[in-house]
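This is what each chain is made of:
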Amino acid sequence: MNNRALKVIRTRETPNPNALQFVLNAQILETGNKSYSSPEDCGDDKLGQALFKNSAVKNVYIMKNFVTVTKQDTAGWNPLKTQVWNTIDELVDVYPSEEAGKTAHVDVSDFNSLPHEKKLEAIEMVLNRSIRSQLAQDGGGVDLQGLEGKEVLIHYQGACENCPSSMTGTLQHIEKLIKQQLDRELVVKSV
């Protein structure tokens, strides 16, 4: 698919008033996500670099068939929304497939006896099957940063990164699902 065939078809508001999801007419990223908080994070990604040329852009998050752009608190969406839309239409491309980071099924019947690496795999498994698709619908995501004792460390991405509900309801929901599926004593902390 060439660049001209890929287009933004609509925007979708997210729970974060500073983030808009730009929905595309095709999938551009098969697995995983791209999350940029600065032009330096973009590497050779031309789309990310171009979006950050606008000083109002704070974060760029790319997943499946959308690009979520978070703006600075002081910026308005007018005319930024149109500028972002046009930049995406001009530069969006299909990202090359990377080795799928599939998380194998982990037997979590005795989570506490698992070695540390298997515990991390189990948490990834829960995030993949119960949480990430829900967050993606709102233009965001979550990255597992680690496990320290009973504390699961996560980092929000995209629209979730600075969203007020991420620190309350969303965090509680993630913790509830991880406790239900893995260990009642686990707590989830956003870093």
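No experiment lies behind these values; they were computed from the predicted model shown.

**Describing the sheet that holds strand E5 (residues 66-71)**
Spatial strand order, E1-E2-E5-E4-E3: five strands in an open sheet with antiparallel pairing. Edge positions in the open sheet fall to strand E1 (8-13) and strand E3 (33-36), since each of these has one partner strand only. Put simply, the sheet's adjacent strands are angled 20 degrees from each other on average, direction ignored. Pairing between strand E2 (residues 19-24) and E5: five bridges, direction antiparallel. Bridged to Leu20 within E5 is Val69. Strands in contact with helix H2 (residues 80-91) are E1, E2, strand E4 (57-63) and E5; relative to E1, the strand with the most contacts, it is inclined by about 140 degrees.

**Examining the pattern of salt bridges**
A complete count under the given rule lists five salt bridges for this structure. Among the ionic pairs, Asp183 bridges to Lys150, the shortest N-O distance being 2.5 Å. One end of the pair, Asp183, is in the loop between helix H4 (169-181) and strand E8 (187-190); the other, Lys150, is in the loop between strand E6 (140-148) and strand E7 (151-158), and 33 residues separate them in sequence. Owing to a relative accessible area of 9%, Asp183 belongs among the buried residues under this scheme. According to the relative accessible area criterion, Lys150 is partly exposed, its value standing at 31%. Here Lys150 ties to Glu185 by a salt bridge, and the two come within 3.8 Å at their closest N and O atoms. A residue pair is termed long-range when its members are at least 10 positions apart, and Lys150 in the loop between E6 and E7 and Glu185 in the loop between H4 and E8 qualify at 35 residues. Several salt bridges converge on common partners, so that one network encompasses Lys150, Asp183 and Glu185.

**Overview of the side chain of Asn18**
In this structure, Asn18 sits in the loop between E1 and E2. Looking at Asn18, the relative accessible area reads 15%, which means it is buried. A distance of 2.6 Å separates the side chain of Asn18 from the side chain of Asp73, its partner in a polar contact. Apart from the residues lying within four places of it in its own chain, the contact partners of Asn18 are Val69, Thr70, Lys71, Gln72, Asp73 and Trp77.

**With respect to the packing of aromatic side chains**
The final tally for this structure, using the stated rule, is one aromatic pair. Note on Tyr61 and Phe66: the rings are 6.3 Å apart at their centroids and 45 degrees apart in plane angle, and the pair reads as tilted. Taking relative accessible area as the criterion, Tyr61 reaches 1% and is therefore assigned buried. Judged by its relative accessible area of 4%, Phe66 is buried.

**Section: H4**
For H4, with 13 residues, the first-to-last C-alpha span of 18 Å sits near the 18 Å given by 1.5 Å per residue. For H4, the full list of buried residues reads Thr170, Leu171, Ile174, Leu177 and Ile178. Projection of H4 onto a plane perpendicular to its axis shows the buried side chains occupying an angular sector of 130 degrees, all on one side. Exposed and oriented more than 90 degrees from the buried face of H4 are Gln172 and Gln180. Of the surrounding secondary structure, the elements contacted by the buried residues of H4 are helix H3 (116-137), E7 and E8.

**So, the environment of Phe111**
Of note, Phe111 is situated in the loop between H2 and H3. Separated by 61 residues in sequence, Phe111 and Gln172 have C-alpha atoms that sit 20 Å apart. Excluding anything up to four places from it in sequence, Phe111 contacts Lys119, Ala122, Ile123, Leu182, Asp183 and Leu186.

**Describing the sheet that holds E6**
On the basis of which strands lie adjacent, the open sheet formed by three strands has the order E6-E7-E8 and mixed pairing. Two strands in the sheet have a free side with no partner beyond their single neighbour: E6 and E8. Ignoring strand direction, the axes of neighbouring strands in this sheet form an average angle of 30 degrees. Relative to E8, E7 is paired through four bridges, and the arrangement is parallel. Paired with Glu151 across the bridge in E8 is Val187.

Each value, and the rule that gives it
Residue positions are given per chain, counting from 1 as you read along its sequence in written order. In keeping with the predicted nature of the model, local features appear solely for residues at pLDDT of at least 70, side-chain atom pairs appear and are counted solely at 80 or more, and the whole-chain, interface and lining totals rest on all residues. Excluding hydrogens and water, the side-chain figures rest on all heavy atoms present in the structure. Note on pairing: DSSP must find at least two bridges between two strands before they are called paired. Helix and strand assignments follow DSSP, with helices taken as H or I runs no shorter than four residues and strands as E runs no shorter than two, numbered in order from the N terminus. Comment: axis = line fitted to C-alpha atoms, over the contacting stretch for helices; angle = value between 0 and 180 degrees taken between N-to-C directions. Any pair of residues with heavy atoms lying within 4.5 Å of one another is described as a contacting pair. A carboxyl oxygen of Asp or Glu within 4 Å of a side-chain nitrogen of Lys or Arg is what we treat as a salt bridge. Buried residues are those whose accessible area, probed at 1.4 Å on protein chains only, stays under 20% of the maximum for their type, while exposed residues exceed 50% and partly exposed ones sit between those limits. Two N or O atoms count as a polar contact when they lie within 3.5 Å, although within protein this holds only if one can serve as hydrogen donor and the other as acceptor, and sequence-adjacent residues are included solely when both atoms are side-chain atoms. Two rings from Phe, Tyr or Trp (for Trp, the six-membered ring) form a pair when their centres are within 6.5 Å of each other. A pair whose planes differ by under 30 degrees is stacked, one over 60 is edge-to-face, and the rest are tilted. The length a helix should cover is 1.5 Å for every residue beyond the first. What the arc describes is the spread of directions from the helix axis to the C-beta atoms.

This is a description of form; function is not addressed.
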